[in-house]
Amino acid sequence: MLVRVSADPSILKEKVDALLEMFPEHIPDQFLCMISSLLSDIVFVNGPPAVSTGGAFNIVYALDFNTAAYSQVMAAARTLKINLTHE
């Protein structure tokens, strides 16, 4: 039996886009480092994978960032945005 396992990064993309929309064109390097550090905190979403058949099983797992790590980056982003608007 042929089984194909893949990952769906759409949740990750939405969250990174939401972070990047918070800022004007220039983003400080330290904040970009925080965003890139999220790559080590990727987890499978709790829930059953999407499974489809059609001669083979296609199993798709959704990926997301670790909630605590993402919350820390969002808090830093909000603080940084406030600091940028007050300068």
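Coordinates for the structure precede this section.
Undergrad: Even after reading the chapter, I still don't get the overall build of the chain, so can you show me in this structure?
TA: Counting its secondary structure elements, the chain contains three helices and four strands. Across the 87 residues that make up the chain, the buried fraction comes to 22%.

Undergrad: Help me understand the pattern of salt bridges, please; the structure alone is not making it clear to me.
TA: Pairs can form between side chains of opposite charge once their charged atoms are near each other. Tallied over the full model, the rule gives two salt bridges. For Lys13, the salt bridge is made with Asp17, and the minimal N-O distance between the two is 2.8 Å. Of the two residues, Lys13 and Asp17 are both situated in helix α1 (residues 10–20); the distance of four residues between them amounts to about one turn of the helix. In this structure, Asp64 engages Lys15 in a salt bridge whose closest nitrogen and oxygen atoms are separated by 2.9 Å. Linking Asp64 in strand β4 (residues 57–65) with Lys15 in helix α1, this pair joins segments that are 49 residues apart in sequence.

Undergrad: Any chance you could explain the pairing of β4 here in plain terms?
TA: Along a regular strand, successive side chains alternate from one face of the sheet to the other. Relative to β4, strand β1 (residues 3–8) runs parallel, the two being bridged by six bridges. Residue pairing across strands places Asp8 opposite Ala62, the latter belonging to β4. Direction of pairing for strand β2 (residues 42–44) relative to β4: antiparallel, over a ladder of three bridges. Bridging across to β4, Phe44 finds its partner in Leu63.

Undergrad: Help me out: how do you make sense of the nonpolar core in this one?
TA: One broad rule of soluble globular proteins: the nonpolar side chains tend to lie buried together. Leu19, Phe23, Phe31, Leu38, Tyr70, Val73 and Ala77 are the most contacted members of the largest nonpolar core, which totals 16 residues. Those elements that provide at least two residues to this core are α1, α2 (29–37), β4 and α3 (67–86). By residue number, the principal contributor to this core is α3, which donates six residues. If near-sequence neighbours (up to four positions away) are discounted, Ala77 is found in contact with Leu19, Met22, Phe23 and Phe31.

So, how was this worked out
Residues numbered from 1 in each chain as written. Predicted model: local features only at pLDDT ≥ 70, side-chain atom pairs only at ≥ 80, totals over all residues. Heavy atoms only, no water. Helix = DSSP H or I, 4+ residues; strand = E, 2+ residues; numbered from the N terminus. Buried < 20%, exposed > 50% of the residue type's maximum accessible area, 1.4 Å probe, protein only. Salt bridge = Lys/Arg side-chain N within 4 Å of Asp/Glu carboxyl O. Pairing = 2+ DSSP bridges. Core = buried A, V, L, I, M, F, W, Y, C linked by side-chain atoms within 4.5 Å. Contact = heavy atoms within 4.5 Å.

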